[in-house]
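One letter stands for each residue in the lines below.
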Amino acid sequence: MTSSFRPIDRRSMLRGTLAAGAGIAFGQLLFSGTAQAYAWSRTLTQGATGADVTELQIRIAGWAADSASQTRVGIDGDFGPGTAAAVRRFQAAYGLSADAEVGPNTQAKLNALEQSDGSTLHFNWTEFYNQTDGTFNGGKLSASQVKENVRRCMYKLEALRKKLGDKPITVNSGFRSIAHNAEIGGASDSMHLYGTAADLDVPGVATKTVYQKAETCGFSGLETYTVDHQHVDSRADLGRAWWWENGTV
């Protein structure tokens, strides 16, 4: 279950362009990346496999469905039908030819959602830091694993932001250390401890609307929209069961 949060004001920085790297799926760290502009070396189409496909899947994971669906893009390096469908949705949303072919134009748009420090265009690391010490230390995973999970969350949030009409999203609570989570009364196995969760506020948009759009973004954990923020997480990516508190599926 989602735990309570204590919002702070830390959304004062403007964004630029990102970068990320590729690696191998590993336990609860789904992928280990580096903060370099990703160099796509080939056009990707259905049937392709490899680390570049894994990176593609991370970046289009928020385009898992057109309507409320407990569906997620597998981060497995295998460009199958689910990945192709998500690519088409991404392409259509950004005015590209929706052909599921990840060539130069699509790759350029994917890279335009990067910042040079490894975060994404509209989100930065500081928004997700543990609020007591400004780091990714002290959680259920190593700081590097937490940071990678946060990066993956950011890409889903980029999709959510786009689906909400490019409305700015404030992250009130991202990663929490075990100590801070206990201090604020969080659940003992909160997804915030792994870097896979965020509590959101979207000024001018009803929380129920945020929830409903999040149902299309591959988020496997959604707290009720009847509170003053929207919790989202990717617990299924850690092998946990889906939990939508106000599920419409």
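The residue numbering used here restarts from 1 in each chain and proceeds along that chain's sequence as written. The model is predicted, so local features are restricted to residues of pLDDT at least 70 and side-chain atom pairs to those at 80 or more, both for listing and for counting; the totals for chains, interfaces and linings are taken over all residues. Working from all heavy atoms in the structure, the side-chain values ignore hydrogens and water.

A. How the structure looks around the overall build of the protein chain. Numbering of helices and strands starts at the N terminus; helices are DSSP runs of H or I of at least 4 residues and strands are runs of E of at least 2. Along its length, the protein chain carries 6 helices and 5 strands. Its helices and strands in sequence order give the protein chain the pattern α-α-α-α-β-α-β-α-β-β-β, from N to C terminus. Three exposure classes are used, based on accessible area relative to the maximum for each residue type with a 1.4 Å probe and protein chains only: buried under 20%, partly exposed in between, and exposed over 50%. When burial is assessed residue by residue, the protein chain has 54% of its 249 residues classed as buried.

B. Region of interest: the environment of A100. Within the secondary structure layout, A100 lies in the loop between α2 (81–93) and α3 (104–112). For A100, a relative accessible area of 7% gives the class buried. As for A100 and A85, which are separated by 15 residues in sequence, their C-alpha atoms are 7.0 Å apart. Any two residues whose heavy atoms approach within 4.5 Å at even a single point are treated as in contact. If near-sequence neighbours (up to four positions away) are discounted, A100 is found in contact with L44, T45, F79, A84, V87, R88 and Q91.

C. Just the packing of aromatic side chains, in detail. Paired rings are identified among Phe, Tyr and Trp, the last through its six-membered ring, by centres lying within 6.5 Å, and are further divided according to the angle between planes into stacked (under 30 degrees), edge-to-face (over 60) and tilted (the rest). Under the criterion given, the structure shown has 9 aromatic pairs. Taking 4.8 Å as the distance between ring centres and 40° as the angle between the ring planes, the aromatic pair formed by F90 and Y94 counts as tilted. Taking the relative accessible area as the measure of exposure, F90 reaches 1% and is therefore buried. Consider the rings of W242 and W244, whose centres lie 5.7 Å apart with planes at 65°: the pair is edge-to-face. With a relative accessible area of 24%, W242 lands in the partly exposed category. Among the residues examined, W244 registers a relative accessible area of 9% and is labelled buried. Aromatic rings pair up to connect W125, Y129, F136 and F175 into one cluster. Over the aromatic face of W125 sits the side chain of K147, whose NZ or CZ is 4.8 Å from the ring centroid. Lysine and arginine charges are scored as sitting over a ring when NZ or CZ, respectively, is within 6 Å of the ring centre and within 35 degrees of the ring normal.

D. Here's a closer look at the packing of helix α1 (residues 51–59) against helix α4 (residues 143–163). Angles shown run from 0 to 180 degrees and are taken between the N-to-C directions of axes, each axis being a line fitted to C-alpha atoms and, for helices, limited to the stretch in contact. Between α1 and α4, the least distance of the axes is 8 Å, while the angle of their chain directions is 60°. Taken together, the axis directions place α1 and α4 in an arrangement best described as oblique. From α1, E55, I58 and R59 reach across to α4, where they touch E148, R151, R152 and Y155. In this classification, Asp, Glu, Lys and Arg are treated as charged, Ala, Val, Leu, Ile, Met, Phe, Trp, Tyr, Cys and Pro as nonpolar, and every other residue, Gly included, as polar. The class makeup of the residues in the contact of α1 with α4 is 2 nonpolar, no polar and 5 charged. Roughly parallel here means an angle under 35 degrees, roughly antiparallel means over 145, roughly perpendicular means 65 to 115, and every remaining angle is called oblique.

E. Structural view of the pattern of salt bridges. A pair is scored as a salt bridge if a Lys or Arg side-chain nitrogen falls within 4 Å of a carboxyl oxygen belonging to Asp or Glu. On inspection of all chains with the given rule, the structure shows 15 salt bridges. The salt bridge involving D189 is made with K140; its shortest N-O contact spans 3.1 Å. In this pair, D189 is assigned in the loop between α5 (178–183) and β2 (197–201) and K140 in the loop between α3 and α4, connecting sequence segments 49 residues apart. In this structure D189 comes out as partly exposed when scored by relative accessible area, which is 32%. The closest approach of N and O atoms between D233 and R235, which form a salt bridge, is 2.7 Å. The exposure classification of D233 matches that of R235, with both residues buried. Within this structure, E55, R59, E114, E148, R151 and R152 form a network of salt bridges that share partners.

F. Structural context of the nonpolar core. In these notes, a set of buried Ala, Val, Leu, Ile, Met, Phe, Trp, Tyr and Cys residues joined through side-chain atoms within 4.5 Å is what counts as a nonpolar core. One finds F128, L157, L160, A198, L200 and V232 to be the most contacted residues of the largest nonpolar core, which totals 32 residues. At the level of secondary structure, the elements contributing two or more residues to this core comprise α4, β2 and α6 (207–214). The greatest single-element share of this core, amounting to 6 residues, is contributed by α4. With residues up to four places along the chain from it excluded, the contact list for F128 reads F123, F136, V150, C153, M154, L157, V171, G174, F175 and A198. Counting residues in hydrophobic clusters, the runner-up holds 26 residues, among them L44, A64, V73 and L121.

G. Focus on unusual backbone geometry. We note that A100 has phi near 65°; this positive angle belongs to a residue other than glycine. Notably, D166 is not glycine yet its phi reads approximately 60°, a positive angle. When you line up the elements, D166 lands in the loop between α4 and β1 (170–173). Judged by its relative accessible area of 38%, D166 is partly exposed.

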